[in-house]
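Listed below, chain by chain, are the residues.
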Number of protein chains: 2
Amino acid sequence: MAGYNLKGIEAAPLKDDVDIVIPTIRSLDFLEQWRPFLQHYHLIIVQDGDPSIKIKVPEGYDYELYNRNDINRILGPRANCISYKDGGCRCFGFMVSKKKYIYTIDDDCFVAKDPSGKEINVIAQHIRNLETPSTPHYFNTLYDPFREGTDFVRGYPFSLREGVQTAISHGLWLNIPDYDAPTQLVKPRERNTRYVDAVMTIPKGVLYPMCGMNLAFNRELVGPAMYFGLMGEGQPISRYDDMWAGWAAKVVCDQLGFGVKTGLPYLWHSKASNPFVNLKKEHKGLHWQEDMVPFFQNLCLSKESDTAAKCYMEISKMTKEKLTKVDPYFEKLADAMVTWIEAWEELNPPVKNEAFVGA
Amino acid sequence: MAGYNLKGIEAAPLKDDVDIVIPTIRSLDFLEQWRPFLQHYHLIIVQDGDPSIKIKVPEGYDYELYNRNDINRILGPRANCISYKDGGCRCFGFMVSKKKYIYTIDDDCFVAKDPSGKEINVIAQHIRNLETPSTPHYFNTLYDPFREGTDFVRGYPFSLREGVQTAISHGLWLNIPDYDAPTQLVKPRERNTRYVDAVMTIPKGVLYPMCGMNLAFNRELVGPAMYFGLMGEGQPISRYDDMWAGWAAKVVCDQLGFGVKTGLPYLWHSKASNPFVNLKKEHKGLHWQEDMVPFFQNLCLSKESDTAAKCYMEISKMTKEKLTKVDPYFEKLADAMVTWIEAWEELNPPVKNEAFVGA
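Let me begin by describing the structure that accompanies this report.

What counts, and where the lines are drawn
- Residues numbered from 1 in each chain as written.
- Chains lettered and ligands numbered in written order.
- Predicted model: local features only at pLDDT ≥ 70, side-chain atom pairs only at ≥ 80, totals over all residues.
- Heavy atoms only, no water.
- Helix = DSSP H or I, 4+ residues; strand = E, 2+ residues; numbered from the N terminus.
- Contact = heavy atoms within 4.5 Å.
- Buried area = accessible area lost by both parts, 1.4 Å probe.
- Salt bridge = Lys/Arg side-chain N within 4 Å of Asp/Glu carboxyl O.
- Polar contact = N/O pair within 3.5 Å; in protein donor to acceptor, adjacent residues only side chain to side chain.
- Nonpolar A, V, L, I, M, F, W, Y, C, P; charged D, E, K, R; others polar.
- Least-squares fit on C-alpha atoms with pLDDT ≥ 70 in both.
- Phe/Tyr/Trp six-rings, centres within 6.5 Å; stacked < 30°, edge-to-face > 60°.
- Buried < 20%, exposed > 50% of the residue type's maximum accessible area, 1.4 Å probe, protein only.
- Lys NZ or Arg CZ within 6 Å of the ring centre and 35° of its normal.
- Axes fitted to C-alpha atoms, helices over the stretch in contact; angles between N-to-C directions.
- Parallel < 35°, antiparallel > 145°, perpendicular 65-115°, else oblique.
- Left-handed = near helix turned anticlockwise from the far one by under 90°.

1. Describing the environment of A:Met213
Residues and elements named next belong to chain A.
Stage number 1. Here Met-213 shows up in the loop between strand S7 (199-201) and strand S8 (214-218).
Stage number 2. Taking the C-alpha atoms as reference, Met-213 lies 7.8 Å from Cys-109; in sequence the two are 104 residues apart.
Stage number 3. Discounting chain neighbours no more than four positions away, the residues touching Met-213 are Thr-104, Ile-105, Asp-106, Cys-109, Trp-173, Asp-178, Leu-267 and His-269.

2. Quick notes on the interface of chain B and chain A
Stage number 1. Facing the 60 residues of chain B at the interface are 59 residues of chain A.
Stage number 2. Summing both sides of the interface, chain B and chain A together bury roughly 5000 Å²; the carbon and sulfur share of this comes to 56%.
Stage number 3. Viewed at the interface, chain A and chain B are joined by eight salt bridges.
Stage number 4. Its salt-bridge partner being B:Arg161, residue A:Asp180 comes within 2.8 Å of it at the nearest N-O pair.
Stage number 5. Inspection of the region where chain B meets chain A yields 32 residue pairs in polar contact (both at pLDDT 80 or more).
Stage number 6. Elements with a contribution of two residues or more to the side of chain B that touches chain A: strand S6 (166-175), helix H5 (181-186), helix H7 (241-256), strand S9 (259-269) and helix H8 (275-298) of chain B.
Stage number 7. Here the side of chain B that touches chain A takes six residues from H8(B), the largest share from any one element.
Stage number 8. Looking at the side of chain B that touches chain A residue by residue, the classes come out as 32 nonpolar, 13 polar and 15 charged.

3. Quick look at the relation of the copies chain B and chain A
Stage number 1. Mapping chain B onto chain A leaves a residual RMSD of 0.0 Å; the transformation is a rotation of 180° accompanied by 0.0 Å of translation along its axis. Here the transformation between the copies is reduced to the relation of a two-fold axis. Residues of chain B ranked by C-alpha distance from the rotation axis are headed by B:Val196, positioned 2.8 Å from it.
Stage number 2. Interface overlap between copies is the fraction of interface residues in one copy that are interface residues in the other; for chain B against chain A it reaches 98%, indicating a shared surface.

4. Brief notes about the packing of aromatic side chains
Stage number 1. All told, the structure shown has 36 aromatic pairs over all chains when counted by the stated rule.
Stage number 2. Look at B:Trp288 and B:Tyr329: their rings are 5.4 Å apart centre to centre, the planes differ by 15°, and that puts the pair in the stacked class. With B:Trp288 in helix H8 and B:Tyr329 in helix H10 (residues 329-347), the pair connects residues that are 41 residues apart, well separated along the chain. For the pair B:Trp288 and B:Tyr329, a shared accessibility class is recorded, and that class is buried.
Stage number 3. The interplanar angle of 70° and the centroid separation of 5.3 Å between the aromatic rings of B:Tyr329 and B:Phe330 together place this pair among those described as edge-to-face.
Stage number 4. Its relative accessible area of 1% is what places B:Phe330 among the buried residues.
Stage number 5. Every member of this aromatic cluster is reached through a ring pair, and the members are A:Trp244, A:Trp247, A:Trp288, A:Phe295, A:Phe296, A:Tyr329 and A:Phe330.
Stage number 6. Here A:Arg161 stacks its cationic end above the ring of A:Phe158, 3.9 Å away from the centre of that ring.

5. Description of the packing of H8(B) against helix H9 (residues 308-323) of chain B
All names here are of chain B.
Stage number 1. It is the contact of H8 with H9, at a shortest axis distance of 11 Å, that shows an interaxial angle of 130°. With respect to each other, H8 and H9 are oriented oblique. In this structure, H8 meets H9 at a crossing whose hand is right-handed. The residues of H9 that touch H8, namely those facing Asp-291, Met-292, Phe-295 and Phe-296, are Ile-315, Met-318, Thr-319, Lys-322 and Leu-323.

The following block contains the structure:
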């Protein structure tokens, strides 16, 4: 570990600084298994679909719950930037939180075990990832140099060893891998059984497919860039909510000098979604990603964009300019991105340099 | 595994296509332990230091051995581009080989075991890495998509899934990590005990510290870029031979569209070198790497440089232009780089597009 003091891994580290955001359409029985790790944290539940359905939350959890009626009431006409009948609605929870860190998890995910058989404390690992620096400017071949028992290897410039502040921690999944519909169809029985004991920084200038299933981030640094787009009912596309957020947020992190990590912690993803349903939801995305990825790879933000919100406004403008020719949907998306930032700023009035006062 | 047919892992895969290059100053008893994995391959031993010392090679190995007298005889006045009293002399072996692949290993390295207790076949893994594509244009969060049991995740553009040809496979080390002298001094007892079960592509545009201890590459693709510099006796610097080669070769791979992988296989690095001796050898390098790394990060080669040799000639020119102001040594190094390419081309006359006919 490269000269860095880490807080010990307690049962519920930084519990007053983290909100857990869960999008759901059903009762949250999955939280029973998570008690040892998540019960001490505050939950923000975003109920998708029919607001008249009663969501049951296991006893002992502290939570606030928002259904579509609540979203409409709180955001008014701006509520149209929040997806309906799509997991992308979770970003409403990012907006109403007042905490420094967000952890978001899907309700078909369970506690995984490491190779020694020990249950994995996902939050503790995400916080460790977020509280230690990232190293986006040069690759360390022994992976995360801030981990106990490792360091920077020979040939690593000393001027880069302090690293940069980490904004995003992308965790992985054992059992059901996060495949698209064509890959699911071709390999219906493939399971991820390999535990790769590593966390690494995704280098500056490099994009990756960010999955929202097991994701933590620093909302003070990049919250406004964590918009999960316009997906689901009434839209031509689904299942690209987290991808859109991931590409945009990575570009914003690169612009602002923040780091993005991927790897540990793993959770157990229990249920493969129906590949035929997925194919219908994502078929336009499978096509459009051929334009969306190069769009983000070639984005060059102006130096005036020095906050996540300003970066995001500029990305919205470029989306309209460059992607509308792919499909008129992107014009609507670009407008929703502006609405999202307006709503974010209304709920989170800037307090000096976009740092927010905690709740 | 993303639609790729891999050859099964035999005891000695592609044995007629691989030379093993070993720089040494002593008898090669360490090869006894390697018999199950290396005995079927041809060795090229580059004897460093006093040529009158007799190097003992364990029986049953097929080898050719070159000492300093041989190097002088074969290269004539150009022999001055090959380092003396430094592991960098190994690159002479790359030059006299006629095989497609080179595997180079240090003589203080032994067979490591994977977490199941099975001995690791380093060559088989390196060949697997080299014979499957790399994915330098976008990060796959489940690591190498060409490995059995894994694939490209959701959000990975289909147009990028064929990947590119792999040129370099950088393996890692259990036990003694490859630290510089200051880190060795601060952490004399740190050992690498963590087996990270992954191979990954180092993305395009990203540099890494390449260690020569456990390294394989395709010499037809990048051989001329694998020059280990001017180090050791008569030079102001040591222990940066592999770093120099790694930075230059990565820039060349990025330019030519080839991939570089790091991760598996591990070997067992037995002996920490003396940190005080290392400090003396590398102190200028510790300083100069602050200029060398940005130099390579900002290198922009012309599109006329469409072979490894042409790229390398251009890098030599830029080295002279940009790094001589750091130290006059770099002018000498730049000249040696030209000599290296001249010697390479004399021993490996180009046969149509720089592809060499195998031995």
